[in-house]
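Structural description and commentary
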Amino acid sequence: MSGSTAAPEKPAQLDERLVHTSPLRKLLGRPELGSVVGAAAVFLFFAIVADSFLQASSFGTVLYAASVLGIMAAPVALLMIGGEFDLSAGVLVTSSALISSMFSYQMTANVWVGVLVSLLVTLAIGAFNGFMLTRTKLPSFIITLGTFLMLTGLNLGFTKLISGTVSTKAIGDMEGFDSAHALFASTLTVGSVEFKVTILWWIALVALATWILLRTRFGNWIFAVGGEAEAARAVGVPVIRTKIGLYLGVAFAAWISGQHLLFSYDVVQSGEGVGNELTYIIAAVIGGCLITGGYGSAIGSAVGAFIFGMTSKGIVYAEWNPDWFKFFLGAMLLLATLLNAWVRKRAEATA
């Protein structure tokens, strides 16, 4: 009889995909949880201090302010999840509007010709950012800062060269203006409340970005390149195509925002848009995106934009000095970042 004993069998390990996850754990794992809590707090605060904040007309105004920012914040959030930044996004919106306006006016063409030319040029600028990033290996901060400075100079230089002033010529009487205005800048009335069409653009872009992130292979690539680009490349992720695609997404949203700017006011000031890129990033960070990449959501960016809209208009409804707005925005950024970090730690602790 042998003196050896059989080794005890190891308990079978369950596939982690089959392990039941509690609703609370799923909730704590959502990147936008912190921003939702913050949005509820901001809403309650202004509901208390500003009597007119809860009026139906005020709600439409808040949503409009949020949508103008949110249209850009959604693709910027995807770009940040992919581990990159775009400091040229704000002036790219203005460039898009200027190209549409000046091309239509100078060529005396239907304004839709200028709109389509603007789309092609804006996408080309986005592709340029992505191409330079992937080919030079320089940080996106440097690449897009260079693009920001070049576009700022081009916007002012070409506008003064062509128009003689810092603003474009009016194109409101040109053929196609009314239909373009209806698509990019019209107002919808629901009951007694007016809603800008940008709200629909915002919802559509957030829904599309969320679907891409959660339901497509490209969404997996975004998280992969944002988490660790070299490891992603080693397992076959097309890092270059993914990052160029993300910059094209930002450019497309800039084109939409630029057309809204143009067809809302008929003329465009060449110096607009400077500084807005930081607001887009702030909305994405408040919504749960990490500066280091690999984590975040498009829905979170929408919540961050909504917080921005409530704060910017809530201060007005409360009849406070609007000079305080930047202070509140900075405070919300710090608080949201701290809250998001706490939520992540809680999620990791319960995992």
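Here the structure is a predicted model, which is why all the values come from computation and not from measurement.

Further remarks concern the pairing of strand β1 (residues 187-190). Pairing of β1 with strand β2 (residues 193-196), which is carried by 4 bridges, proceeds in the antiparallel orientation. Within β2, the residue paired with T189 across the bridge is E194. Following β1, the chain reverses through 2 residues before pairing antiparallel with β2; G191 in that reversal takes a positive phi of roughly 70°.

Turning next to the nonpolar core. Counting residues in each nonpolar core, the largest one holds 83 residues, and the members touching the most others are M72, W202, F263 and I307. Every residue in contact with F263, bar those within four places of it in the chain, is listed here: V111, V115, I171, F177, A180, H181, F184 and A185. Judged by nonpolar contacts, the second largest core, of 6 residues, contains V225, A232, V237 and V239.

Moving on: the packing of helix α7 (residues 177-184) against helix α11 (residues 239-265). For the pair α7 and α11, interaxial distance at closest approach is 9 Å and the crossing angle is 125°. Accordingly, the angle class assigned to the pair α7 and α11 is oblique. Considering the relative orientation of α7 and α11, their crossing is left-handed. Residues F177, A180, H181 and F184 of α7 form the contact with α11, whose participating residues are W255, I256, Q259, H260 and F263. Of the residues that constitute the contact of α7 with α11, the class distribution is 6 nonpolar, 3 polar and no charged.

Our focus in this paragraph is the packing of helix α12 (residues 276-286) against helix α13 (residues 298-317). Packed helices, taken two at a time, are described by the angle between their axes plus the distance between the axes. Where α12 contacts α13, the two axes come as close as 7 Å, and the packing angle between them is 115°. The handedness of the crossing between α12 and α13 comes out as right-handed. Between α12 and α13, the residues in contact are T279, A283, A284 and I286 and G300, S301, G304, A305, I307 and F308, respectively. Grouping the amino acids of the contact of α12 with α13 by side-chain chemistry returns 6 nonpolar, 4 polar and no charged.

Glancing now at the packing of aromatic side chains. Taken as a whole, this structure holds 14 aromatic pairs when the rule is applied. Taken together, a centroid distance of 6.0 Å and an interplanar angle of 50° make the contact between F46 and W320 tilted. With F46 in helix α2 (residues 33-49) and W320 in the loop between α13 and α14 (325-350), the pair connects residues that are 274 residues apart, well separated along the chain. Owing to a relative accessible area of 2%, F46 belongs among the buried residues under this scheme. With 6.3 Å between their ring centres and 40° between their planes, W112 and F184 make a pair best called tilted. Residue W112 is located in helix α5 (residues 111-136), and its partner F184 is located in helix α7; the two are separated by 72 residues in the primary sequence.

This part covers the pattern of salt bridges. By the definition in use, this model includes 2 salt bridges. One salt bridge connects E84 with K243, and the closest N-O pair in it is separated by 2.4 Å. Here the residue E84 occupies a position in the loop between α3 (56-81) and α4 (89-106), and K243 occupies one in helix α11, the gap between them amounting to 159 residues. Accessibility assignment for this pair places E84 and K243 in one class, buried.

Bringing helix α6 (residues 140-163) into the picture now. Over its 24 residues, α6 runs 33 Å from end to end, which matches the ideal 34 Å to within 8%, given 1.5 Å per residue. Within the sequence span of α6, burial applies to S140, I143, T144, T147, F148, L151, N155, T159 and S163. Looking at the packing, one finds that the buried side of α6 touches α4, α5, α11 and α12. Following α6 by one or two positions, G164 adopts a phi angle in the positive range, close to 85°.

This brings us to a nonpolar patch on the surface. Nonpolar side chains collect at one region of the surface, where F128, M150, L154, F158, L161 and I162 lie side by side and expose about 580 Å² of accessible area between them. For the nonpolar patch, the element with the most residues is α6, which contributes 5 residues. Summarising the element assignment, F128 is placed in helix α5.

So, how was this worked out
- Residues numbered from 1 in each chain as written.
- Predicted model: local features only at pLDDT ≥ 70, side-chain atom pairs only at ≥ 80, totals over all residues.
- Heavy atoms only, no water.
- Pairing = 2+ DSSP bridges.
- Helix = DSSP H or I, 4+ residues; strand = E, 2+ residues; numbered from the N terminus.
- Core = buried A, V, L, I, M, F, W, Y, C linked by side-chain atoms within 4.5 Å.
- Buried < 20%, exposed > 50% of the residue type's maximum accessible area, 1.4 Å probe, protein only.
- Contact = heavy atoms within 4.5 Å.
- Axes fitted to C-alpha atoms, helices over the stretch in contact; angles between N-to-C directions.
- Parallel < 35°, antiparallel > 145°, perpendicular 65-115°, else oblique.
- Left-handed = near helix turned anticlockwise from the far one by under 90°.
- Nonpolar A, V, L, I, M, F, W, Y, C, P; charged D, E, K, R; others polar.
- Phe/Tyr/Trp six-rings, centres within 6.5 Å; stacked < 30°, edge-to-face > 60°.
- Salt bridge = Lys/Arg side-chain N within 4 Å of Asp/Glu carboxyl O.
- Expected span 1.5 Å × (residues − 1).
- Patch = residues over 30% accessible without salt bridge, like charges linked within 9 Å, V, L, I, M, F, W, Y side chains within 5 Å.
- Areas by Shrake-Rupley, 256 points an atom, 1.4 Å probe, with all protein chains shown as cover.

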